[in-house]
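Examining the three-dimensional arrangement
So you can see what is in the structure, the chains are spelled out below.
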Amino acid sequence: MSPQEVETFRKATLTETAGIPLTFATRFRELEFRLLEVLKVNLKGLLHTEQKYEYLSELALDDLIDFETEILENKVKRGLQFVRIRTTVKSSGGIKIISESQMVIRQEEQPS
């Protein structure tokens, strides 16, 4: 994570606070979209119902970030697919952030 990456993010999000913005953690959600592709989720029917972040330790500019994303829940009920995904952000100092996303996807109706 470089100072240039953080500054680019700050400008793009119009963030004026000092340090690394808390919203910078959204950068580590890219694997969520890859998992949704693996699950063959139709993004047109996706409703993002919840997003939460647990900040365990502050990010630092010299952190070497590693993150992993896992599917916690994937079930279909009454034509709706319920998906819950967790991303854990780590550095050499341990776990920094845990985020969870919850979404509901309306399934396409199958022709009779």
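Everything in this summary refers to the structure shown in the same document.

Thresholds, definitions, all that
Residues numbered from 1 in each chain as written. Predicted model: local features only at pLDDT ≥ 70, side-chain atom pairs only at ≥ 80, totals over all residues. Heavy atoms only, no water. Helix = DSSP H or I, 4+ residues; strand = E, 2+ residues; numbered from the N terminus. Rg over C-alpha atoms; globule rule 2.2 N^0.38 Å. Buried < 20%, exposed > 50% of the residue type's maximum accessible area, 1.4 Å probe, protein only. Areas by Shrake-Rupley, 256 points an atom, 1.4 Å probe, with all protein chains shown as cover. Lys, Arg positive; Asp, Glu negative; His and termini not counted. Charge placed at Lys NZ, Arg CZ, Asp CG, Glu CD. Salt bridge = Lys/Arg side-chain N within 4 Å of Asp/Glu carboxyl O. Pairing = 2+ DSSP bridges. Phe/Tyr/Trp six-rings, centres within 6.5 Å; stacked < 30°, edge-to-face > 60°. Arc of directions from axis to C-beta.

1. Observations concerning the overall build of the chain
Within the chain, the regular secondary structure consists of two helices and four strands. Counted from the first residue to the last, the chain has its helices and strands arranged as α-α-β-β-β-β. Scaling as 2.2 N^0.38, a compact globule of 112 residues should have a C-alpha radius of gyration of about 13 Å, whereas the chain reaches 17 Å, well beyond that. By principal-axis analysis of the C-alpha atoms, the chain measures approximately 55 × 30 × 20 Å. Here the chain, with 112 residues, has 29% of them falling under the buried criterion. A total of about 7,800 Å² of accessible surface is found on the chain, and carbon and sulfur atoms cover 51% of it. The distance from the centre of the 16 positive side-chain charges to the centre of the 18 negative ones in the chain is 6 Å.

2. Side note on the pattern of salt bridges
Summed over all chains, the structure comprises 11 salt bridges. Of the charged contacts, one joins arginine 27 and glutamate 5 as a salt bridge, the two residues approaching to 3.8 Å between their closest N and O atoms. Of this pair, arginine 27 sits in the loop between α1 (3–12) and α2 (30–38) while glutamate 5 is found in helix α1, placing the two residues 22 residues apart along the sequence. Given a relative accessible area of 36%, arginine 27 falls into the partly exposed group.

3. Let's talk about the pairing of strand β4 (residues 94–106)
As judged from the nine bridges shared by strand β1 (residues 46–55) and β4, these two strands associate in the antiparallel manner. By the bridge assignment, histidine 48 is partnered in β4 with methionine 103. In terms of strand pairing, strand β3 (residues 80–91) meets β4 through 12 bridges, oriented antiparallel. Residue pairing in the sheet places threonine 87 in a bridge with serine 99 of β4. Taking the residues that link successive antiparallel strands as the turn, the β3-β4 hairpin has two residues.

4. Focus: the packing of aromatic side chains
Given two aromatic rings, one states the distance between the centres and the angle between the planes to describe the pair. Counted according to the given criterion, the structure contains four aromatic pairs. Clustering of aromatic rings is evident, with ring pairs tying together Phe9, Phe24, Phe28 and Phe67.

5. Topic: α1
Among the residues of α1, Val6, Phe9 and Arg10 are the ones counted as buried. Projected down its long axis, α1 shows its buried positions confined to an angular sector of 100°, all on one face. In α1, the exposed positions angled more than 90 degrees off the buried face are occupied by Gln4, Thr8, Lys11 and Ala12. A positive phi of about 55° marks leucine 14, the residue just after α1.

6. Details of unusual backbone geometry
Its identity is not glycine, yet leucine 14 carries a phi of approximately 55°, on the positive side. For leucine 14, the location among the structural elements is in the loop between α1 and α2. Using a relative accessible area of 71% as the deciding quantity, one classes leucine 14 as exposed. Positive phi outside glycine occurs at arginine 78, with the angle close to 55°.

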